[in-house]
Amino acid sequence: MTRQEIMERFNEFPIYGITAEAASNGRKNIDVVTAMLRAGIRFIQYREKTKSALARYEECLQLRRLTRDFGAVLIIDDFVDLALAVEADGVHIGQEDLPPQTVRRLVGDNMVIGLSTHSPLQLAAANKLKAVIDYVGIGPVFATKTKATAKPVGFDYVEYAAQNSSVPFVAIGGIKEENIFDVWEHGARIFAVVTDITQAEDIEQKIQNLIKKLKK
């Protein structure tokens, strides 16, 4: 897929899926991601920081085959070398990772790059890089165990991004069935939901419930 085609998938479905095997009730990422894809999610981010490089590589090879079967996008969090090795569709980086310009030189023109931002100042810097990056993360909106040290940015930053971001954005951080509509009301249209999905007894039903909340 081209970068344009990948970003069409970004806007195709409002839920952005992220792996969290340690918070998946004993299930493997491959099983959780399969359920996500069956429910309609078309943007999957692989985020596993504690596994060995080999374990991540082998797992991502499986996920690469699976996402291709569903016509879905595979994004690798942080590890540019892993994204290249498994021919992922993109990489997501944070403020303390390699600079976006450097990542773009490494991955070439076809991969998408997502960049986490946590403040209007960081978003302003990201806007200047819109030829380099393809989307930004906005958050954490609420406190979240997956980013325990990060200070919540609240609705103010979501509203600011809705009015000022020059690139598409995904809201992330503590978003769940009970608050996703509140985030929508403040301007977000794409939502990264992590543990509310990965810990759900019935993942496909949970995703359907999230969509229903957005349609109320």
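Quick summary incoming for the structure in this document.

Parameters and conventions
Residues numbered from 1 in each chain as written. Predicted model: local features only at pLDDT ≥ 70, side-chain atom pairs only at ≥ 80, totals over all residues. Heavy atoms only, no water. Phe/Tyr/Trp six-rings, centres within 6.5 Å; stacked < 30°, edge-to-face > 60°. Helix = DSSP H or I, 4+ residues; strand = E, 2+ residues; numbered from the N terminus. Buried < 20%, exposed > 50% of the residue type's maximum accessible area, 1.4 Å probe, protein only. Lys NZ or Arg CZ within 6 Å of the ring centre and 35° of its normal. Core = buried A, V, L, I, M, F, W, Y, C linked by side-chain atoms within 4.5 Å. Contact = heavy atoms within 4.5 Å. Salt bridge = Lys/Arg side-chain N within 4 Å of Asp/Glu carboxyl O. Expected span 1.5 Å × (residues − 1). Arc of directions from axis to C-beta. Pairing = 2+ DSSP bridges. Right-handed = clockwise from strand over helix to strand, strands pointing away. Axes fitted to C-alpha atoms, helices over the stretch in contact; angles between N-to-C directions. Parallel < 35°, antiparallel > 145°, perpendicular 65-115°, else oblique. Left-handed = near helix turned anticlockwise from the far one by under 90°.

### Here's the deal with the packing of aromatic side chains
The geometry of an aromatic ring pair is captured by the separation of the ring centres together with the interplanar angle, meaning the angle of the planes.
Reasoning step 1: Taken as a whole and assessed by the stated rule, the structure comprises nine aromatic pairs.
Reasoning step 2: Here F142 and F155 contribute two aromatic rings whose centre-to-centre distance is 5.7 Å and whose plane-to-plane angle is 90 degrees, an arrangement assigned as edge-to-face. In this pair, F142 sits in the loop between β6 (135-138) and α7 (154-164) while F155 sits in helix α7, placing the two residues 13 residues apart along the sequence.
Reasoning step 3: For F142, a relative accessible area of 21% gives the class partly exposed.
Reasoning step 4: Both rings, one in F181 and one in W184, keep their centres 5.5 Å apart while their planes meet at 15 degrees; by these two values the pair is stacked. Highlighted residues: F181 and W184, both in helix α8 (residues 180-185), separated by three residues, approximately one helical turn.
Reasoning step 5: In this structure F181 comes out as buried when scored by relative accessible area, which is 14%.
Reasoning step 6: Judged by relative accessible area, W184 falls into the partly exposed class, the value being 30%.
Reasoning step 7: A connected cluster of aromatic rings, assembled from ring pairs, spans F10, Y16, F43 and Y135.
Reasoning step 8: Geometry around F79 places R56 over its ring, the cationic atom sitting 3.9 Å from the centre.

### Structural notes on the nonpolar core
Reasoning step 1: Within the largest apolar cluster, 57 residues are counted, with the highest numbers of intra-cluster contacts made by I15, I76, F191 and I197.
Reasoning step 2: Leaving out residues up to four positions away in the same chain, I15 has contacts with I41, I180, F191, V193, I197, L210 and I211.

### Some details on the pattern of salt bridges
Reasoning step 1: Applying the stated criterion across every chain yields a total of ten salt bridges.
Reasoning step 2: Between E59 and K51 there is a salt bridge whose closest N-O contact spans 2.9 Å.
Reasoning step 3: Look at E59 and you get buried, because its relative accessible area is 10%.
Reasoning step 4: One salt-bridge network, in which partners are shared between bridges, spans R3, R104 and D134.

### Observations regarding helix α10 (residues 203-214)
Reasoning step 1: Taking 1.5 Å as the rise per residue, α10 with twelve residues should run 16 Å; its terminal C-alpha atoms sit 17 Å apart, in good agreement.
Reasoning step 2: Contacts from the buried residues of α10 go to β1 (15-18), α2 (29-38), α8, β8 (191-193) and α9 (195-198).

### Digging into helix α1 (residues 3-10)
Reasoning step 1: Among all positions of α1, only R3, I6, M7 and F10 are buried. Projected down its long axis, α1 carries its buried residues within an arc of 95 degrees, all on one side.

### A short note on the pairing of β6
Reasoning step 1: Burial along β6 is two-sided: Y135 and G137 facing one way and V136 and I138 facing the other are all buried.
Reasoning step 2: Bridging between strand β5 (residues 112-117) and β6 involves four bridges; their strand directions are parallel. Residue pairing for β6: L115 is matched across the bridge by V136.
Reasoning step 3: Once you follow β5 into helix α6 (residues 120-127) and on to β6, the crossover reads as right-handed.
Reasoning step 4: With three bridges joining them, β6 and strand β7 (residues 169-172) adopt parallel strand pairing. In the strand pairing of β7, G137 is matched with V170.

### A word on the sheet that holds β1
Reasoning step 1: Here eight strands make up a closed barrel; going around it, the order is β1-β2-β3-β4-β5-β6-β7-β8 and the pairing parallel. Taken over all neighbouring pairs, the strand axes of this sheet differ in orientation by 30 degrees on average, direction set aside.
Reasoning step 2: As paired strands, β1 and strand β2 (residues 43-46) are joined by two bridges and run parallel to one another. Residue pairing in the sheet places I18 in a bridge with Q45 of β2.
Reasoning step 3: Packed on one face of the sheet, α2 meets β1 and β2 and runs near 165 degrees to β2.
Reasoning step 4: Where α6 meets the sheet, it contacts β5 and β6, and its direction lies at approximately 160 degrees from that of β5.

### Things to note about the packing of α6 against α7
Reasoning step 1: Contact geometry of α6 with α7 gives a least axis separation of 11 Å together with a crossing angle of 25 degrees. Relative to α7, the element α6 is oriented roughly parallel. Every pair of crossing elements has a handedness; the one defined by α6 and α7 is right-handed. Where α6 abuts α7, its residues P120, L123 and N127 lie against Y157, Y160, A161 and N164.

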